[in-house]
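Below, each chain spelled out in residue letters.
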Amino acid sequence: MLQQIALLEQLQNVDLKIHESQSKLNKIPDDLSQVKVQMDELYEKIERDRTTLKEAEKWRVEHEKAIDMQQALLAKSKGKLATARNEREANAAQREIDTIRRALSEREEEAIHILEVVEQTGESIKQKEDMYSKLQDAFKDMEVESGKQVEGMKTQVKKLETERKKIAKNLDQPTSLLYEKIRQRQPRAVVAAVRGTCGGCHMILPPQIYNLIQRQDRILQCPSCFRIVYYDEAITSGKGGDE
Ligand SMILES: [Zn+2]
């Protein structure tokens, strides 16, 4: 029975390593997709900026046309003033000129503002595009690196699985079945008793069960978590650590 427990421990060590490699393998696509999400978000922002820029450009062109039109009107009013035949006509022309000049100065102020928007948006697009291209490079590197890691881990898992088969074939079938059943719920299915408690769930083991465990002549389970509990003098006397 001692040999069976030793085999179970070996098997569990291999299984835990396989489990760890599988978790790492499963995590790789997550890490990659996180960077992809960042890239997609940034791309959306760039697209929004591009729309803003396009609108601002359109706005700027319309504004320039309006300024040209007002300048034409101003020239016309100036002509009216020059050819005024009396004071009344001269005053009317002057009022027109004043109104147009006020409107023009407002338009010109706004044109400066539009130019600022165009410049700032252009700058922001440039910055984001730089960032995007850096993310793209990082993503490519990550993909290559992950590919290598995946290959390495798959080879590792294959080796472990071969090792596992070698150990498992020496296990009694009932012990093997019991271990597999527990392992579906608990990756660590085999634990040592620690000072009269279960090394898995830390519940105090009933004395009669603990006595049987100490005899090391059969496979025994913790009545509370159902893990297989074995006796290890070094661990139970406190020289070994808690699991
Ligand atoms: Zn337990």
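Residues numbered from 1 in each chain as written. Predicted model: local features only at pLDDT ≥ 70, side-chain atom pairs only at ≥ 80, totals over all residues.

Things to note about the overall build of the chain
Turning to step 1, where the next piece is worked out: Of the regular secondary structure elements, the chain holds 5 helices and 4 strands.
Turning to step 2, where the next piece is worked out: Written out in order from the N terminus, the α and β elements of the chain read α-α-α-β-β-α-β-β-α.
Turning to step 3, where the next piece is worked out: The C-alpha atoms of the chain give 40 Å as radius of gyration, which overshoots the globular expectation for 243 residues (18 Å, by more than 25%).
Turning to step 4, where the next piece is worked out: Its C-alpha atoms put the chain at 130 × 40 × 30 Å along the principal axes.
Turning to step 5, where the next piece is worked out: Here the chain holds 243 residues, and 12% of them are scored as buried. (Helix = DSSP H or I, 4+ residues; strand = E, 2+ residues; numbered from the N terminus. Rg over C-alpha atoms; globule rule 2.2 N^0.38 Å. Buried ≥ 20, exposed ≤ 12 C-beta atoms within 10 Å, placed from the backbone.)

As for the sheet that holds strand β3 (residues 220-221)
Turning to step 1, where the next piece is worked out: The strand order across the open sheet built from 4 strands is β2-β1-β4-β3, with neighbouring strands paired in mixed fashion. Edge strands, defined here as strands with exactly one partner in the open sheet, are β2 (197-198) and β3.
Turning to step 2, where the next piece is worked out: Here strand β1 (residues 190-194) runs beside strand β4 (residues 228-230); their pairing, made up of 3 bridges, is parallel. Residue pairing across strands places Val190 opposite Ile228, the latter belonging to β4. (Pairing = 2+ DSSP bridges.)

Let's talk about the nonpolar core
Turning to step 1, where the next piece is worked out: Membership of the largest hydrophobic core comes to 21 residues, with the highest contact counts inside it found for Leu8, Val190, Ala193, Ile228, Val229 and Tyr230.
Turning to step 2, where the next piece is worked out: Ignoring sequence-local partners within four residues, the contact set of Ile228 consists of Leu8, Leu178, Tyr179, Ile182, Ala189, Val190, Ile219 and Gln221. (Core = buried A, V, L, I, M, F, W, Y, C linked by C-beta atoms within 7 Å. Contact = placed C-beta atoms within 7 Å.)

A few points about the confidence of the model for the chain
Turning to step 1, where the next piece is worked out: For the chain, per-residue confidence averages 93 on the pLDDT scale, and residues scoring 70 or more make up 96% of the total.
Turning to step 2, where the next piece is worked out: A low-confidence stretch, residues 239-243 (pLDDT under 50), is modelled with 8 contacts involving residues beyond four sequence positions or located in other chains. (pLDDT = per-residue confidence, 0-100.)

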